[in-house]
Amino acid sequence: MENRRPMIAGNWKMYKTCSEAVAAARSLVALAGDADGVEVMIAPPFTALTGVFDVIRQSNIYLGAQNLHWEAEGAYTGEVSGQMIYSAGCRYVIIGHSERRQYFGETDESVNKKIRAALAANLRPVICVGESESEREAEKTFSTLDKQMQKGLEGLSLDQMDSAVIAYEPVWAIGTGKTATPGQAQAVHEFIRKFLADRFEETTAHKTRILYGGSVKPSNIAELMALPDIDGALVGGASLDPETFNNIIQYR
Ligand code: 13P
(Lines give C-alpha, C1' and ligand atoms only; values in the text may rest on other atoms or scores of the structure.)
Protein backbone atom coordinates (compact mmCIF):
# COMPACT_ATOMS: atom_id res chain seq x y z
CA MET A 1 0.00 0.00 0.00
CA GLU A 2 2.81 2.41 0.92
CA ASN A 3 4.01 2.90 -2.66
CA ARG A 4 0.58 3.44 -4.15
CA ARG A 5 0.00 7.18 -4.02
CA PRO A 6 -3.74 7.84 -3.75
CA MET A 7 -5.24 9.50 -6.81
CA ILE A 8 -8.40 11.57 -7.12
CA ALA A 9 -9.38 12.22 -10.72
CA GLY A 10 -12.21 14.37 -12.06
CA ASN A 11 -13.89 13.38 -15.32
CA TRP A 12 -15.73 16.48 -16.51
CA LYS A 13 -17.39 14.57 -19.37
CA MET A 14 -19.19 16.87 -21.84
CA TYR A 15 -19.56 19.76 -19.42
CA LYS A 16 -18.11 23.29 -19.35
CA THR A 17 -17.28 25.79 -22.09
CA CYS A 18 -13.68 27.08 -22.29
CA SER A 19 -14.34 30.00 -19.96
CA GLU A 20 -16.28 27.86 -17.47
CA ALA A 21 -13.50 25.27 -17.45
CA VAL A 22 -10.79 27.88 -16.90
CA ALA A 23 -12.77 29.46 -14.05
CA ALA A 24 -13.29 26.07 -12.39
CA ALA A 25 -9.59 25.25 -12.78
CA ARG A 26 -8.65 28.58 -11.15
CA SER A 27 -10.87 27.85 -8.16
CA LEU A 28 -9.48 24.34 -7.90
CA VAL A 29 -5.87 25.58 -7.97
CA ALA A 30 -6.68 28.00 -5.14
CA LEU A 31 -8.23 25.19 -3.09
CA ALA A 32 -6.10 22.16 -3.93
CA GLY A 33 -3.21 23.32 -6.12
CA ASP A 34 -0.60 22.26 -3.58
CA ALA A 35 -2.16 18.90 -2.66
CA ASP A 36 0.72 16.50 -2.10
CA GLY A 37 -0.47 13.41 -0.24
CA VAL A 38 -2.90 12.79 -3.08
CA GLU A 39 -2.35 13.01 -6.82
CA VAL A 40 -5.07 15.15 -8.40
CA MET A 41 -6.04 14.93 -12.06
CA ILE A 42 -8.79 16.68 -14.02
CA ALA A 43 -10.02 15.69 -17.46
CA PRO A 44 -11.85 18.58 -19.15
CA PRO A 45 -13.32 18.38 -22.67
CA PHE A 46 -10.75 18.62 -25.51
CA THR A 47 -11.66 22.25 -26.28
CA ALA A 48 -10.66 23.37 -22.77
CA LEU A 49 -7.41 21.40 -22.41
CA THR A 50 -4.92 24.14 -23.30
CA GLY A 51 -6.81 26.83 -21.40
CA VAL A 52 -6.97 24.68 -18.28
CA PHE A 53 -3.33 23.65 -18.66
CA ASP A 54 -2.25 27.31 -18.57
CA VAL A 55 -4.03 27.62 -15.23
CA ILE A 56 -2.79 24.43 -13.57
CA ARG A 57 0.73 24.10 -15.02
CA GLN A 58 2.43 25.64 -11.94
CA SER A 59 0.32 23.58 -9.54
CA ASN A 60 0.39 19.94 -8.47
CA ILE A 61 -2.72 19.17 -10.52
CA TYR A 62 -2.33 16.94 -13.56
CA LEU A 63 -4.25 17.23 -16.81
CA GLY A 64 -5.98 14.34 -18.53
CA ALA A 65 -8.03 13.84 -21.68
CA GLN A 66 -11.19 11.75 -21.88
CA ASN A 67 -10.37 9.83 -25.05
CA LEU A 68 -7.88 9.55 -27.92
CA HIS A 69 -7.56 7.95 -31.32
CA TRP A 70 -5.08 5.10 -31.72
CA GLU A 71 -3.30 6.51 -34.76
CA ALA A 72 -0.66 9.24 -34.33
CA GLU A 73 -2.10 11.28 -37.20
CA GLY A 74 -4.04 10.82 -40.41
CA ALA A 75 -7.26 11.45 -42.27
CA TYR A 76 -9.60 10.71 -39.34
CA THR A 77 -12.00 13.62 -39.26
CA GLY A 78 -13.07 14.56 -35.77
CA GLU A 79 -10.45 12.51 -33.94
CA VAL A 80 -7.56 13.58 -31.69
CA SER A 81 -4.30 11.66 -31.20
CA GLY A 82 -2.16 10.92 -28.16
CA GLN A 83 0.61 13.19 -29.41
CA MET A 84 -1.89 16.02 -29.76
CA ILE A 85 -3.26 15.73 -26.27
CA TYR A 86 0.24 15.31 -24.82
CA SER A 87 1.22 18.54 -26.56
CA ALA A 88 -1.81 20.22 -24.95
CA GLY A 89 -0.34 19.40 -21.52
CA CYS A 90 -2.01 16.06 -20.75
CA ARG A 91 -0.13 13.36 -18.89
CA TYR A 92 -3.15 11.07 -18.42
CA VAL A 93 -5.92 9.85 -20.69
CA ILE A 94 -9.12 8.05 -19.73
CA ILE A 95 -9.71 5.03 -21.95
CA GLY A 96 -12.74 2.76 -22.37
CA HIS A 97 -15.16 4.69 -20.20
CA SER A 98 -18.50 2.84 -20.14
CA GLU A 99 -20.20 5.82 -21.81
CA ARG A 100 -17.81 5.42 -24.75
CA ARG A 101 -18.44 1.68 -24.83
CA GLN A 102 -22.20 2.21 -24.61
CA TYR A 103 -22.76 5.19 -26.94
CA PHE A 104 -19.74 5.20 -29.26
CA GLY A 105 -19.19 1.53 -29.97
CA GLU A 106 -15.89 1.10 -28.14
CA THR A 107 -14.85 -2.49 -27.68
CA ASP A 108 -12.15 -4.26 -25.71
CA GLU A 109 -10.17 -4.36 -28.98
CA SER A 110 -10.35 -0.59 -29.54
CA VAL A 111 -9.54 -0.08 -25.86
CA ASN A 112 -6.41 -2.19 -26.33
CA LYS A 113 -5.30 -0.14 -29.36
CA LYS A 114 -5.92 3.09 -27.49
CA ILE A 115 -3.92 1.94 -24.46
CA ARG A 116 -0.95 1.16 -26.72
CA ALA A 117 -1.29 4.52 -28.46
CA ALA A 118 -1.43 6.34 -25.13
CA LEU A 119 1.71 4.61 -23.88
CA ALA A 120 3.50 5.37 -27.16
CA ALA A 121 2.68 9.04 -26.62
CA ASN A 122 3.98 9.01 -23.03
CA LEU A 123 0.50 9.27 -21.58
CA ARG A 124 -0.63 7.24 -18.59
CA PRO A 125 -3.85 5.43 -19.47
CA VAL A 126 -6.67 5.35 -16.93
CA ILE A 127 -8.33 2.15 -18.11
CA CYS A 128 -12.02 1.85 -17.26
CA VAL A 129 -13.71 -1.48 -16.63
CA GLY A 130 -17.04 -2.36 -15.06
CA GLU A 131 -20.14 -4.48 -15.31
CA SER A 132 -23.67 -3.44 -16.22
CA GLU A 133 -26.62 -3.92 -13.90
CA SER A 134 -27.84 -6.96 -15.85
CA GLU A 135 -24.37 -8.52 -15.77
CA ARG A 136 -24.25 -8.07 -11.99
CA GLU A 137 -27.74 -9.52 -11.59
CA ALA A 138 -26.76 -12.52 -13.71
CA GLU A 139 -23.68 -13.00 -11.47
CA LYS A 140 -21.40 -12.19 -14.38
CA THR A 141 -19.48 -9.39 -12.68
CA PHE A 142 -16.19 -11.23 -12.43
CA SER A 143 -16.40 -12.90 -15.83
CA THR A 144 -17.17 -9.53 -17.45
CA LEU A 145 -14.19 -7.89 -15.78
CA ASP A 146 -11.96 -10.82 -16.61
CA LYS A 147 -12.85 -10.51 -20.30
CA GLN A 148 -12.46 -6.71 -20.33
CA MET A 149 -9.02 -7.00 -18.77
CA GLN A 150 -7.81 -10.04 -20.75
CA LYS A 151 -8.60 -8.33 -24.03
CA GLY A 152 -7.98 -4.74 -23.00
CA LEU A 153 -4.51 -5.46 -21.60
CA GLU A 154 -3.53 -7.97 -24.26
CA GLY A 155 0.13 -7.83 -25.24
CA LEU A 156 1.12 -5.21 -22.67
CA SER A 157 4.53 -5.62 -21.06
CA LEU A 158 5.32 -5.30 -17.37
CA ASP A 159 6.93 -1.91 -17.95
CA GLN A 160 3.92 -0.67 -19.86
CA MET A 161 1.57 -1.80 -17.13
CA ASP A 162 3.63 0.19 -14.63
CA SER A 163 2.34 3.42 -16.23
CA ALA A 164 -1.29 2.38 -16.20
CA VAL A 165 -4.10 3.06 -13.77
CA ILE A 166 -7.26 0.93 -13.63
CA ALA A 167 -10.64 2.45 -12.84
CA TYR A 168 -13.45 0.16 -11.73
CA GLU A 169 -16.73 1.82 -12.57
CA PRO A 170 -19.82 -0.33 -12.13
CA VAL A 171 -22.10 0.98 -14.90
CA TRP A 172 -25.15 0.87 -12.64
CA ALA A 173 -23.46 3.26 -10.20
CA ILE A 174 -22.52 5.98 -12.71
CA GLY A 175 -24.58 9.12 -12.35
CA THR A 176 -27.31 7.20 -10.57
CA GLY A 177 -26.56 8.11 -6.97
CA LYS A 178 -26.13 4.38 -6.29
CA THR A 179 -22.66 3.57 -5.00
CA ALA A 180 -21.32 0.07 -4.72
CA THR A 181 -21.31 -0.95 -1.08
CA PRO A 182 -17.84 -1.06 0.46
CA GLY A 183 -18.06 -4.86 0.37
CA GLN A 184 -18.99 -4.97 -3.32
CA ALA A 185 -16.27 -2.47 -4.28
CA GLN A 186 -13.55 -4.16 -2.24
CA ALA A 187 -14.42 -7.59 -3.67
CA VAL A 188 -14.02 -6.34 -7.24
CA HIS A 189 -10.84 -4.36 -6.52
CA GLU A 190 -9.34 -7.45 -4.90
CA PHE A 191 -10.32 -9.48 -7.98
CA ILE A 192 -8.65 -6.93 -10.28
CA ARG A 193 -5.46 -6.97 -8.21
CA LYS A 194 -5.38 -10.75 -8.29
CA PHE A 195 -5.88 -10.64 -12.07
CA LEU A 196 -2.86 -8.31 -12.37
CA ALA A 197 -0.75 -10.61 -10.18
CA ASP A 198 -1.63 -13.61 -12.35
CA ARG A 199 -1.33 -11.87 -15.71
CA PHE A 200 1.77 -9.79 -14.84
CA GLU A 201 3.65 -10.09 -11.54
CA GLU A 202 2.90 -9.72 -7.87
CA THR A 203 4.86 -6.44 -7.83
CA THR A 204 2.77 -5.06 -10.72
CA ALA A 205 -0.38 -5.91 -8.82
CA HIS A 206 1.02 -4.25 -5.73
CA LYS A 207 2.07 -1.07 -7.56
CA THR A 208 -0.94 -0.51 -9.82
CA ARG A 209 -3.47 2.00 -8.62
CA ILE A 210 -7.07 0.86 -8.86
CA LEU A 211 -9.58 3.71 -8.67
CA TYR A 212 -13.28 3.38 -7.89
CA GLY A 213 -15.83 5.40 -9.86
CA GLY A 214 -19.59 5.73 -9.62
CA SER A 215 -21.43 8.36 -7.56
CA VAL A 216 -18.39 9.24 -5.45
CA LYS A 217 -19.20 12.20 -3.18
CA PRO A 218 -17.66 13.97 -0.19
CA SER A 219 -19.95 11.87 2.03
CA ASN A 220 -18.76 8.45 0.83
CA ILE A 221 -15.12 8.99 -0.20
CA ALA A 222 -13.54 8.32 3.21
CA GLU A 223 -15.31 4.99 3.59
CA LEU A 224 -14.22 3.93 0.09
CA MET A 225 -10.61 5.06 0.58
CA ALA A 226 -10.40 3.10 3.83
CA LEU A 227 -10.71 -0.16 1.87
CA PRO A 228 -7.40 -1.95 1.32
CA ASP A 229 -7.61 -2.24 -2.48
CA ILE A 230 -9.13 1.15 -3.32
CA ASP A 231 -6.37 3.61 -4.22
CA GLY A 232 -8.43 6.54 -5.38
CA ALA A 233 -11.51 7.70 -7.19
CA LEU A 234 -12.64 8.69 -10.67
CA VAL A 235 -15.31 11.29 -10.00
CA GLY A 236 -17.88 12.51 -12.51
CA GLY A 237 -20.70 14.80 -11.37
CA ALA A 238 -19.12 15.75 -8.04
CA SER A 239 -15.90 16.91 -9.78
CA LEU A 240 -17.65 19.73 -11.65
CA ASP A 241 -17.91 22.01 -8.63
CA PRO A 242 -14.42 22.90 -7.34
CA GLU A 243 -15.47 23.08 -3.67
CA THR A 244 -17.20 19.73 -3.76
CA PHE A 245 -14.29 18.17 -5.62
CA ASN A 246 -11.86 19.68 -3.12
CA ASN A 247 -13.87 18.11 -0.29
CA ILE A 248 -13.30 14.76 -1.98
CA ILE A 249 -9.57 15.48 -2.46
CA GLN A 250 -9.28 16.38 1.25
CA TYR A 251 -11.02 13.20 2.34
CA ARG A 252 -8.59 12.51 5.17
P1 13P B 1 -20.47 9.98 -11.46
O2 13P B 1 -19.47 10.33 -10.39
O3 13P B 1 -21.23 11.17 -11.96
O4 13P B 1 -21.36 8.83 -11.04
O5 13P B 1 -19.64 9.47 -12.73
C6 13P B 1 -18.65 8.54 -12.55
C7 13P B 1 -17.84 8.46 -13.78
O8 13P B 1 -18.33 8.02 -14.82
C9 13P B 1 -16.46 8.95 -13.75
O10 13P B 1 -15.78 8.61 -14.91
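1. Things to note about the overall build of the protein chain
Counting its regular elements, the protein chain contains 12 helices and eight strands. In terms of overall dimensions, the protein chain has a C-alpha envelope of 45 × 45 × 35 Å along the principal axes. When contacts within the protein chain are restricted to residue pairs at least 6 apart in sequence, those whose partners lie at least 24 apart make up 74%. Total accessible area on the protein chain stands at roughly 11300 Å², and carbon and sulfur atoms take up 50% of it.

2. Quick look at the packing of helix H1 (residues 18-32) against helix H2 (residues 49-56)
Here H1 crosses H2 at 20°, and the two axes come no closer than 9 Å. Considering their axes alone, H1 and H2 lie roughly parallel with respect to each other. Taken as a pair, H1 and H2 cross one another with a handedness that is right-handed. Contacts between H1 and H2 pair Ala21, Val22, Ala25, Arg26 and Val29 from the former with Gly51, Val52, Val55 and Ile56 from the latter. Of the residues assigned to the contact of H1 with H2, the class counts are seven nonpolar, one polar and one charged.

3. Looking at the nonpolar core
If you look at the biggest cluster of nonpolar residues, it comprises 70 residues, and the most contacted ones within it are Ile8, Val52, Ile56, Leu153, Ile192 and Tyr212. Setting aside chain neighbours within four positions, we find Ile192 in contact with Val129, Met149, Ile166, Tyr168 and Ile210. Membership of the second largest hydrophobic core comes to 12 residues, among which are Met7, Ile94, Cys128 and Leu234.

4. Section: the site of the ligand
The immediate surroundings of the ligand are formed by Asn11, Lys13, His97, Glu169, Ala173, Ile174, Gly175, Gly214, Ser215, Leu234, Gly236 and Gly237. With respect to the ligand, the backbone of Gly175 contributes an N or O atom lying 2.6 Å from an oxygen atom. At a separation of 2.8 Å, an oxygen atom of the ligand approaches a polar backbone atom of Gly237. In the shell around the ligand, the residues fall into three nonpolar, seven polar and two charged.

5. Considerations on the pairing of strand S3 (residues 61-65)
With four of five residues buried, S3 lies mostly within the body of the structure. The pairing of strand S2 (residues 39-43) with S3 spans three bridges and is classified as parallel. By the bridge assignment, Ile42 is partnered in S3 with Leu63. Following the backbone out of S2, through H2 and into the adjacent parallel S3, one traces a crossover that is right-handed.

6. Regarding the packing of aromatic side chains
Per the stated rule, a full pass over the model turns up four aromatic pairs. Relative to Tyr92, the ring of Tyr62 has its centre 5.8 Å away and its plane inclined at 90°; by these criteria the two rings are edge-to-face. On the criterion of sequence distance, the pair formed by Tyr62 in strand S3 and Tyr92 in strand S4 (residues 92-95) is long-range, its members being 30 residues apart. On the accessibility criterion, Tyr92 (1% relative accessible area) is buried. Their ring planes at 80° and their centres at 6.4 Å tell us that Tyr103 and Phe104 sit as a pair that is edge-to-face. Exposure remark for Tyr103: the relative accessible area of 56% places this residue in the exposed category. Classification of Phe104 as exposed rests on a relative accessible area of 53%. In this structure, Arg91 packs its charged tip against the face of Tyr86, placed 3.7 Å from the ring centre. Here the guanidinium or amino end of Arg199 rests over the ring plane of Phe200, the centre of that ring lying 4.1 Å away.

About the cut-offs
- Residues numbered from 1 in each chain as written.
- Predicted model: local features only at pLDDT ≥ 70, side-chain atom pairs only at ≥ 80, totals over all residues.
- Heavy atoms only, no water.
- Helix = DSSP H or I, 4+ residues; strand = E, 2+ residues; numbered from the N terminus.
- Contact = heavy atoms within 4.5 Å.
- Areas by Shrake-Rupley, 256 points an atom, 1.4 Å probe, with all protein chains shown as cover.
- Axes fitted to C-alpha atoms, helices over the stretch in contact; angles between N-to-C directions.
- Parallel < 35°, antiparallel > 145°, perpendicular 65-115°, else oblique.
- Left-handed = near helix turned anticlockwise from the far one by under 90°.
- Nonpolar A, V, L, I, M, F, W, Y, C, P; charged D, E, K, R; others polar.
- Core = buried A, V, L, I, M, F, W, Y, C linked by side-chain atoms within 4.5 Å.
- Buried < 20%, exposed > 50% of the residue type's maximum accessible area, 1.4 Å probe, protein only.
- Near = heavy atom within 4 Å.
- Polar contact = N/O pair within 3.5 Å; in protein donor to acceptor, adjacent residues only side chain to side chain.
- Pairing = 2+ DSSP bridges.
- Right-handed = clockwise from strand over helix to strand, strands pointing away.
- Phe/Tyr/Trp six-rings, centres within 6.5 Å; stacked < 30°, edge-to-face > 60°.
- Lys NZ or Arg CZ within 6 Å of the ring centre and 35° of its normal.

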